Amino acid sequence: MKIRKELLEKFGPLPWGDPDWEDEGGAYLRLSDLPTEYEAESTIRQCEVELGWARSHRVRITRVYEDLDKSAFKRNVVREDFDRAIDDLRKRKIKYLISAKVDRFSRRGMGQVGTILDELEDVGGVLVFVADGILSNQTFGRTALALLSEQARAESKNTQWRVGIWHESNRKKGRWTAERPFGYVKQADGMLKRHPEEWLIRRQVLEDALAGKTLREIAIGFNEQGVESPEMWKYRERLAAGKAAKKPGATTWSTSTVSYLLHSPTMAGLYSHGRQPVRGEDGEYIMVVADEGEAIATFAEWERAKAIINKRVKHRQTGRRRGQRTGAGRPSSFLLVGLSFCPEDGRLVGVNRTVGGKEYFYYRCWRGTSGHECTRVSVSMRKLNEHVVATALEATAAALSIAHDELGPGNHVENSIAEVWIEETLPDHSAERANVRQQLAEVEALIKDLEEARYLRREFSDPEGLKRYELLRSRQLEQKQRLTEKLAELPDHLPDLSFLLDPTQSRQVFNLESLDRKRSILRLAIEKVVVHPGDQTAPIEDRVEITYRPEIAEMLKRINKIAS
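Residues numbered from 1 in each chain as written. Predicted model: local features only at pLDDT ≥ 70, side-chain atom pairs only at ≥ 80, totals over all residues. Heavy atoms only, no water.

1. Section: the packing of helix H13 (residues 381–407) against helix H19 (residues 550–563)
Turning to step 1, where the next piece is worked out: It is the contact of H13 with H19, at a shortest axis distance of 9 Å, that shows an interaxial angle of 75°. Here H13 is positioned roughly perpendicular relative to H19, judged by the angle of their axes. Mapping the contact onto sequence places Ala 395, Ala 398, Ala 399, Ile 402, Ala 403, Glu 406 and Leu 407 in H13 and Ile 552, Met 555, Leu 556, Arg 558, Ile 559 and Ile 562 in H19. (Axes fitted to C-alpha atoms, helices over the stretch in contact; angles between N-to-C directions. Helix = DSSP H or I, 4+ residues; strand = E, 2+ residues; numbered from the N terminus. Parallel < 35°, antiparallel > 145°, perpendicular 65-115°, else oblique. Contact = heavy atoms within 4.5 Å.)

Dropping the structure here:
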């Protein structure tokens, strides 16, 4: 059985103990979840304790089970070696499973431990907890184990609560208590300031994103330049400080590393929790830098960079990527990739085939091209492109015309299409407006909650409570006023989309645009195109079903109603 290098150097190869000893056992070692820079040296001490018991009881250790950085309390944590150890006891591969203490074995209480004991009774397996002096097969062993396992569970719950309260208190004060974020150093008062070297690297990440580089391009650029990853910077920092350190598994830059650095609120010097900025009681974001000049980016720069990246590769809440881009942020080479699907909701991809020296292009369901079961939808790329473009431009022109005639200029259909156009083509322009709107909605929700607390839940009934209520409410009203004024000051230049009113003119403009801009024009009207199986010679309109944006669909229904 393969064991960790440090254990091998300390205790030698397995088995441990006299070959003449008849009983076999396993040593279980566990270290609670810690950052990757910490080395798991305490498991060596656990092993010494367990090996001492085994020798005194003439038990040969033939297996070692070791769960590093694994919580024994959290339900969603899988401990592979723990499960393997219990399975070996069930299968009688070992008789004893030795653990230094009960809390190293489990912190989930008697609910977990009791189930294991019931299973082991039938096979004669024994749990040993050296420091607690408990063997599961002893008289009253089960009772003592029940008390200690519940005590370990209660300790974990209390620790979890105390740590949570402590972190919440520090968040409100802007004190950074976690491991320092890349690009900053932590001061004695818990505030952050720029790291003399790292901040330049993180700033370059931001500038590359603002320049339009993809996450992949940024990561590759740093790797080609030989710039070490954030994990390696921290690893070398610990070594330089003379601390034990474990070399990180990933030593180079990746798209996930770049994405994390860009999206973390610490980029703009904001306190973050769950990767989201934290607000104080006054509704303002809490700064974690001593001075705004110590932030790596301004709030506006951070918002623009996120908007650009999210525009390129944007995931809905369902987890499905928006079809505007293909893998790793590469621009799609085909017009309707990401907009077109088969009836089974499989997206269509562009493929080509050469027949008689001539190249033909098709859209096919990706399931079919990947060997999955599928309806095998295939359609001529030229025919589908021409049909969808013509239909979309005509539908957009018709919807805008009737909306203008019936609802007047500046109607909700025009405004909605303009907003979509800005989002598609100018993500950095709309990002700040969207952020201010979000802040305003949050402040309004806080005001509503305060009023409900005062008048419905009677939480500010005493004189001091009333003063506190008035103070909090006045702060929120001031914040609402500031945000309202800021929103009014932001430029709101709606694009001139008058060319969309005429299908002929819009087709001329469409033909001159880049592929990305063409896709943006189609998205003004279309949400989804479904292609059904059928003969390639059949009329294309008989196989295609187009789902329009709600505003466009509403106007088209009015047109059909008038026509009928």
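2. Observations regarding the pattern of salt bridges
Any two side chains of opposite charge can pair, so long as their charged atoms come close to each other.
Turning to step 1, where the next piece is worked out: Evaluation of the coordinates by the stated rule reveals 23 salt bridges.
Turning to step 2, where the next piece is worked out: Here Arg 84 ties to Asp 81 by a salt bridge, and the two come within 2.2 Å at their closest N and O atoms. One end of the pair, Arg 84, and the other, Asp 81, are both in helix H3 (residues 80–90), 3 residues apart, so they sit about a helical turn from each other.
Turning to step 3, where the next piece is worked out: Under the relative-accessibility criterion, Arg 84 is labelled partly exposed at 39%.
Turning to step 4, where the next piece is worked out: Taking the shortest distance from any N to any O, the salt bridge between Glu 303 and Lys 306 comes out at 3.4 Å. You can see Glu 303 and its partner Lys 306 sitting in helix H11 (residues 299–312), 3 residues apart, about one turn around the helix.
Turning to step 5, where the next piece is worked out: Judged by relative accessible area, Glu 303 falls into the buried class, the value being 11%.
Turning to step 6, where the next piece is worked out: With relative accessibility at 17%, the residue Lys 306 sits in the buried group.
Turning to step 7, where the next piece is worked out: Here the salt bridges do not stand alone but share partners, grouping Asp 87, Arg 90, Lys 91 and Glu 119 into one network. (Salt bridge = Lys/Arg side-chain N within 4 Å of Asp/Glu carboxyl O. Buried < 20%, exposed > 50% of the residue type's maximum accessible area, 1.4 Å probe, protein only.)

3. Quick word on the nonpolar core
Turning to step 1, where the next piece is worked out: Judged by nonpolar contacts, the single largest core of 43 residues is most densely connected at Tyr 363, Leu 384 and Ile 526.
Turning to step 2, where the next piece is worked out: Broken down by secondary-structure element, the contributors of at least two residues to this core are strand S12 (358–365), H13, helix H14 (412–425), helix H18 (515–523), strand S14 (526–531), strand S15 (544–548) and H19.
Turning to step 3, where the next piece is worked out: Residue contributions to this core peak at 11 residues, all from H13.
Turning to step 4, where the next piece is worked out: Leaving out residues up to four positions away in the same chain, Ile 526 has contacts with Leu 339, Val 388, Ala 392, Ile 546, Thr 547, Tyr 548 and Arg 549.
Turning to step 5, where the next piece is worked out: One finds Leu 192, Phe 222, Trp 253 and Val 289 within the second-largest nonpolar core, a separate group that totals 31 residues. (Core = buried A, V, L, I, M, F, W, Y, C linked by side-chain atoms within 4.5 Å.)

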